[in-house]
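# Working through the structure, step by step
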Amino acid sequence: KKALAKKLLPLTFALANFDFDQANIIIDDIVASAPGEIELRLQKTYLQFVAGDFDGALAGLRALMGEPGCDEDPRVLNQVGLAELAIGKNEDAARHLKSAYDQLTDRSDEPHRVINDYAWSLILQSRFEDALLIIDRALDTDPSPVTALLNKSYVLRELGRDGDAKAIEVRLLQLAPLDRRVFSNLVLPGLIS
């Protein structure tokens, strides 16, 4: 673990400087030193995703899904769905995000991420009533529910429930007034109009 910790600082430095080429070299070395660590391999695919290498990220995720137990791991399925959304494979993405949601257990790490991403896929399909039910579950599991509240505000507006949406937006402004997503979704539109 000490060897791994020593590698994380240079990785953090590379990422902070947006040096994705160097970060990829470092993460490759980290993954090679601990090939059985699913979380590290997911971080590698996430880094590829952020750097715009969607094909590489999907290839790594598909390889990961071929390993025992990973094809049912909500983290893996969720990341596959997000990568598919990024390249416009919306039906495949919706299927993987639903599978990730269905695989959640009481012991799942950070279930709110999977739940929020599944809710977002429902929103993209204009399944607003279904999304609202899922978002409420996210609110029950998320220690910092900004994403879920933003999604809920949007869905409520789409459903014509502007008063309920406004109450959520007030809560968001109280909870996270400096969050860039809150600013760009709630404050900035009012400044422009």
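Our structure is the block above this text.
### Here we look at helix H7 (residues 111–124)
In a regular helix each residue adds 1.5 Å, so 14 residues correspond to 20 Å; H7 covers 20 Å between its end C-alpha atoms and thus fits that length. Of all 14 residues in H7, eleven are buried; the element is thus mostly enclosed. All buried positions along H7 are accounted for by Pro111, His112, Val114, Ile115, Asn116, Asp117, Tyr118, Ala119, Ser121, Leu122 and Ile123. Where H7 ends, the next residue or the one after it, Ser126, has phi of about 60 degrees, a positive value.

### What about the side chain of Lys44?
Here Lys44 lies in helix H3 (residues 38–50). Here Asp28 takes part through its side chain, which lies 2.5 Å from a polar atom of the side chain of Lys44. Apart from residues no more than four positions distant in its own chain, Lys44 is found in contact with Asn24, Ile27, Asp28 and Val31.

### Regarding unusual backbone geometry
Within the chain, Phe18 stands out as a residue other than glycine whose phi angle is a positive 55 degrees. Tracing the chain through its elements places Phe18 in the loop between helix H1 (2–16) and helix H2 (20–33). Residue classification places Phe18 among the exposed positions, given a relative accessible area of 63%. The phi dihedral of Ser126 is positive, around 60 degrees, even though this residue is not glycine.

### Description of the environment of Val50
Assignment of secondary structure puts Val50 in helix H3. Classification of Val50 as partly exposed rests on a relative accessible area of 41%. Expressed as a C-alpha distance, the spacing of Val50 and Ala16, which sit 34 residues apart in the sequence, is 13 Å.

### With respect to the packing of H3 against helix H4 (residues 54–65)
For any two helices packed against each other, one specifies the inter-axial angle together with the distance between the axes. Axis separation between H3 and H4 bottoms out at 7 Å; the angle between their running directions is 160 degrees. The pairing of H3 with H4 is recorded here as roughly antiparallel in orientation. Classified by chirality, the crossing of H4 by H3 is left-handed. Together, Ile38, Arg41, Leu42, Thr45, Gln48 and Phe49 of H3 and Phe54, Gly56, Ala57, Gly60, Leu61, Ala63 and Leu64 of H4 make up the contact between the two elements.

### Looking at the packing of aromatic side chains
The full count for this structure, using the stated rule, is five aromatic pairs. With centroids separated by 6.4 Å and ring planes inclined at 75 degrees, the aromatic side chains of Phe18 and Phe20 adopt a geometry described as edge-to-face. Taken together, the aromatic side chains of Tyr46, Phe49 and Phe54 make up a single cluster linked through ring pairs.

### Some remarks on the environment of Leu186
Relative to the assigned elements, Leu186 resides in helix H11 (residues 180–192). The exposure class of Leu186 is partly exposed, given its relative accessible area of 22%. Once the C-alpha coordinates of Leu186 and Asp106 are considered, the two residues, 80 residues apart in sequence, prove to be 33 Å apart. Setting aside residues no more than four positions away along its own chain, Leu186 makes contact with Glu169, Leu172 and Leu173.

Analysis parameters
- Residues numbered from 1 in each chain as written.
- Predicted model: local features only at pLDDT ≥ 70, side-chain atom pairs only at ≥ 80, totals over all residues.
- Heavy atoms only, no water.
- Helix = DSSP H or I, 4+ residues; strand = E, 2+ residues; numbered from the N terminus.
- Expected span 1.5 Å × (residues − 1).
- Buried < 20%, exposed > 50% of the residue type's maximum accessible area, 1.4 Å probe, protein only.
- Polar contact = N/O pair within 3.5 Å; in protein donor to acceptor, adjacent residues only side chain to side chain.
- Contact = heavy atoms within 4.5 Å.
- Axes fitted to C-alpha atoms, helices over the stretch in contact; angles between N-to-C directions.
- Parallel < 35°, antiparallel > 145°, perpendicular 65-115°, else oblique.
- Left-handed = near helix turned anticlockwise from the far one by under 90°.
- Phe/Tyr/Trp six-rings, centres within 6.5 Å; stacked < 30°, edge-to-face > 60°.

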